[in-house]
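Descriptive analysis of the structure
Chain by chain, the residues:
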Amino acid sequence: MLADVVFPVSSPPISKGMLVCSDDGMVLALLHPGDVGYDLSEAAYYRGWIVPGFVNAHCHLELSHLKDQIQTGTGLDGFVEKLMDIRQNDPDTIARAILNADAEMYDTGTVFVGDISNGTNSFQCKENSKILYHTFVERFGFHSDKADSAYHSGKQVLEKLQQLQHNHRGNLTLHAPYSVSEKLLTLVCNEISQHGGILSIHNQETSTERDLFLSGKGALTSRLEKMGIYDGNWSAPGISSLQWLHEKIPDSIRVLLVHNTFTELSDLQGWLNRDAWLCLCPGANLYIESRLPDIQLFIDEKLRLVIGTDSLASNTQLNIYEEIKLIALNFPDIPAAMLFEWACLNGAKLFEMQHLLGSFDVGKKPGLVWISDADPEGKKIFKHSKAQSI
Ligand SMILES: [Zn+2]
């Protein structure tokens, strides 16, 4: 096939590039105009761009039934309050919403998803999905005396995941620094150290997380008090939550920090030399907090970036290209090729799938995404352009 621009991702974009694939999607050749075998008469022409399949590094498939149920701009505090009110729905509605969300992701070019699961609702869908999944079985619990039960119930969910015929890969993980005890953090880190996996954790999605960790005050503290899980006996560490995580998580563990909306340079001290990855979820950040992370800071500091959609409770769609468009719209100096590197190759590397996914290198089966109505020059991400798998 031929396109105005092909983005191999592991090498610079090719104007009028030609991609030769086998019937099952394996890359056989990637040709520049004039190369031997470059035959216009044989190639299907796609007006626009062709890029490899996307990796969605952060999703909550099981929350898909909550689409359009929480208004935007509530702040994380208001969001959690609303979520507590409406989380129940009948099993058929939940299952149908999960299947639709999985189909939406596939149709819009996603080939691999890092998905947060608190329970087993998404497992049947995953077993039959065309998408590959890594499931993070997420635990939380602020009190140390709940750590053992949270850990053991998580192990039970993980065992059910491991019984699937397809898409059984995954590991235990933690919700956020403000929702876990140090004991639970240690149990989950020990589990990952022994059995492998990635520690995915929501990081600094709200500014009030900083107040809680620095002084034990602020809106998040009030929220935890109102929910009856903070009684004033916990002592604030006096450092930011990200610095606290840096102290508590062993260096050997790969960490995926999700959101990073309020992360500052001082929070990143010590993280730059670790196996740490930052996931950007701009759609959810704008939906909940009406603000985006300091992405330019992360680029300047050479952090490894990946992209996620978060859930349909906090986003209007699960389409990685729409997340790319949001970043491009707000940070117009970031080249399109760099955005595809985050969405494709970095995601593949994070989940150790780079032998198969992430770029158009010969021998890989990365999936094919057609970006229609795209800039023929291969530079600008147009607002009206659209992604679909082919
Ligand atoms: Zn999330």
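Note that the structure is a prediction, hence the values are computed from the model and not measured.

About the cut-offs
Residues numbered from 1 in each chain as written. Predicted model: local features only at pLDDT ≥ 70, side-chain atom pairs only at ≥ 80, totals over all residues. Core = buried A, V, L, I, M, F, W, Y, C linked by C-beta atoms within 7 Å. Buried ≥ 20, exposed ≤ 12 C-beta atoms within 10 Å, placed from the backbone. Helix = DSSP H or I, 4+ residues; strand = E, 2+ residues; numbered from the N terminus. Contact = placed C-beta atoms within 7 Å. Expected span 1.5 Å × (residues − 1). Arc of directions from axis to C-beta. Axes fitted to C-alpha atoms, helices over the stretch in contact; angles between N-to-C directions. Parallel < 35°, antiparallel > 145°, perpendicular 65-115°, else oblique. Pairing = 2+ DSSP bridges.

To continue, consider the nonpolar core. The biggest cluster of nonpolar side chains holds 104 residues, and the ones touching the most others in it are Val55, Leu256, Cys279 and Ala343. At nine residues, the largest contribution of residues to this core is made by helix H12 (residues 336-350). The contacts of Leu256, once residues within four sequence positions are left out, are Ala57, Ile198, Leu199, Ser200, Trp277, Cys279 and Leu350.

A few words on helix H4 (residues 147-162). Working note: α-helix, 3.6 residues per turn, so residues spaced by three or four point in the same direction. Here H4 is 16 residues long and its end C-alpha atoms lie 22 Å apart, about the 22 Å a rise of 1.5 Å per residue gives. All buried positions along H4 are accounted for by Ala147, Ala150, Gly154, Val157, Leu158 and Leu161. With its buried residues spanning 100° around the axis, H4 presents them on a single face. Seen from the buried face of H4, the exposed residues on the opposite side, beyond 90 degrees, are Ser149, His152, Gln156 and Glu159. In this structure, the buried side of H4 is in contact with strand S7 (110-117), helix H3 (123-128), strand S8 (132-139), strand S9 (170-174) and helix H5 (182-195).

Between helix H6 (residues 208-215) and helix H7 (residues 219-226), whose axes approach to 6 Å, the crossing angle comes to 80°. Taken together, the axes of H6 and H7 lie roughly perpendicular to each other. Residues Thr208, Glu209, Asp211 and Leu212 of H6 pack against Ala219, Leu220 and Thr221 of H7.

We now examine the sheet that holds strand S13 (residues 304-307). With parallel pairing, four strands are arranged side by side in an open sheet as S10-S11-S12-S13. A single partner strand is all that each edge strand has here, and the edge strands are strand S10 (198-203) and S13. Between one strand axis and the next, the sheet turns by 30° as a mean value, whatever way the strands run. Bridge analysis of S10 against strand S11 (residues 254-259) gives six bridges, and the strand direction is parallel. Across the sheet, residue Ser200 finds its bridge partner in S11, namely Leu256. Against the sheet, H12 engages S11, strand S12 (276-280) and S13, with an angle of about 110° to S13.

This part takes up the environment of Thr74. Structurally, the position occupied by Thr74 is in the loop between strand S6 (54-59) and helix H1 (75-86). Owing to 18 C-beta atoms within 10 Å, Thr74 belongs among the partly exposed residues under this scheme. Linking Thr74 and Ser290, residues 216 residues apart in sequence, is a C-alpha distance of 8.8 Å.

Take the environment of Lys364 next. Inspection of the secondary structure assignment puts Lys364 in the loop between H12 and strand S14 (368-372). Sequence spacing of Lys364 and Gly25 is 339 residues, and the spatial spacing of their C-alpha atoms is 8.3 Å. Once residues lying within four places of it in the same chain are set aside, the contact partners of Lys364 are Val27, Leu356, Leu357 and Ser359.

This part covers the sheet that holds S6. If you walk across this open sheet you meet the four strands as S6-S7-S8-S9, and the pairing is parallel. Where the open sheet ends on each side, the last strands, each with one partner, are S6 and S9. The mean inter-strand angle of the sheet, taken between neighbouring strand axes irrespective of direction, is 20°. The pairing of S7 with S8 spans six bridges and is parallel. Bridge assignment links Phe112 to a residue of S8, and that residue is Leu132. The sheet contacts of H5 involve S8 and S9, and relative to S9 the element is tilted by about 155°. Relative to the sheet, H12 contacts S6 and S7, its axis offset from that of S6 by approximately 60°.

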